[in-house]
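Results of the structural survey
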Amino acid sequence: LRVLVGADSYALELLRVQEVVRVVPIVPMRGAAPAVLGVMNLRGRIVPVYDLGRWLRAGQVAPDEHSRIVVVERDDELIGVLVSAVEDVVTLGRDRIEPPLQGSSPGVVLGVARVGACPTVLFDAYALYG
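Here goes a summary of the coordinates provided.

Each value, and the rule that gives it
Residues numbered from 1 in each chain as written. Predicted model: local features only at pLDDT ≥ 70, side-chain atom pairs only at ≥ 80, totals over all residues. Heavy atoms only, no water. Pairing = 2+ DSSP bridges. Helix = DSSP H or I, 4+ residues; strand = E, 2+ residues; numbered from the N terminus. Core = buried A, V, L, I, M, F, W, Y, C linked by side-chain atoms within 4.5 Å. Buried < 20%, exposed > 50% of the residue type's maximum accessible area, 1.4 Å probe, protein only. Contact = heavy atoms within 4.5 Å. Salt bridge = Lys/Arg side-chain N within 4 Å of Asp/Glu carboxyl O.

All right, on to the pairing of strand 10 (residues 109-115) then. The pairing of strand 9 (residues 97-98) with strand 10 spans two bridges and is classified as antiparallel. The partner of Ile 97 across the bridge, within strand 10, is Ala 113. Alignment of strand 10 against strand 11 (residues 118-123), held across six bridges, turns out to be antiparallel. Paired with Ala 113 across the bridge in strand 11 is Thr 120.

Core analysis: the biggest nonpolar cluster contains 29 residues, and Met 40 and Val 70 have the highest contact counts within it. Those elements that provide at least two residues to this core are strand 1 (2-5), strand 3 (17-22), strand 4 (36-42), strand 5 (45-51), strand 6 (68-74) and strand 7 (77-83). In terms of residues, this core owes the most to one element, strand 7, which gives five residues. Sequence-distant contacts of Val 70, defined by excluding residues within four places in its chain, comprise Leu 1, Val 3, Leu 12, Val 17, Glu 19, Val 20, Ile 79, Gly 80, Val 81, Val 83 and Val 86.

Across the sheet, six strands lie side by side as 8-1-2-11-10-9; this open sheet has mixed pairing. Single-partner strands in this sheet number two, and they are strand 8 (85-88) and strand 9. Strand direction decides the pairing type here: strand 1 and strand 2 (residues 8-11), joined by four bridges, are antiparallel. Bridging across to strand 2, Val 3 finds its partner in Tyr 10.

With that settled, consider the pattern of salt bridges. Considering all chains together, one arrives at six salt bridges under this definition. For Glu 87, the salt bridge is made with Arg 2, and the minimal N-O distance between the two is 3.8 Å. With a gap of 85 residues between them, Glu 87 in strand 8 and Arg 2 in strand 1 connect regions that are remote in the sequence. A relative accessible area of 8% places Arg 2 in the buried class. Taken together, the salt bridges that share partners define one network made up of Arg 2, Glu 87 and Asp 88.

The backbone of Arg 57 shows a phi angle near 60°, a positive value even though the residue is not glycine. As for its placement among the helices and strands, Arg 57 is situated in the loop between helix 1 (52-55) and strand 6. For Arg 57, a relative accessible area of 79% gives the class exposed. Despite not being glycine, Asp 75 has its phi angle at roughly 50°, a positive value. The topology assignment puts Asp 75 in the loop between strand 6 and strand 7.

Here it is as structure tokens:
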């Protein structure tokens, strides 16, 4: 699943994405990490919501009508990720993915793919749980 943070393109493995929802009210949590916006209610479940731009240190996502929350699931635990927009779903073969840049956190960046004219950074959504 390709998403935008500002003008930058990132991708998450589709199998780790449970759903994509419009931005809903988020209740701030005192003492949370800077990237954590707060929590949202998703059909009766309390889900922490991260600003993907802050988490990636790429700048804060400014919510608008294109913004979405991508819900990622791991072992029945949910996390929401605020993104500027969802671009599309694309299939990438190994031949289109280059290894991650040296110096990036191990396991967070899985690689970089060129889809169209803009590079897309592939990252492990489970790293948000870390």
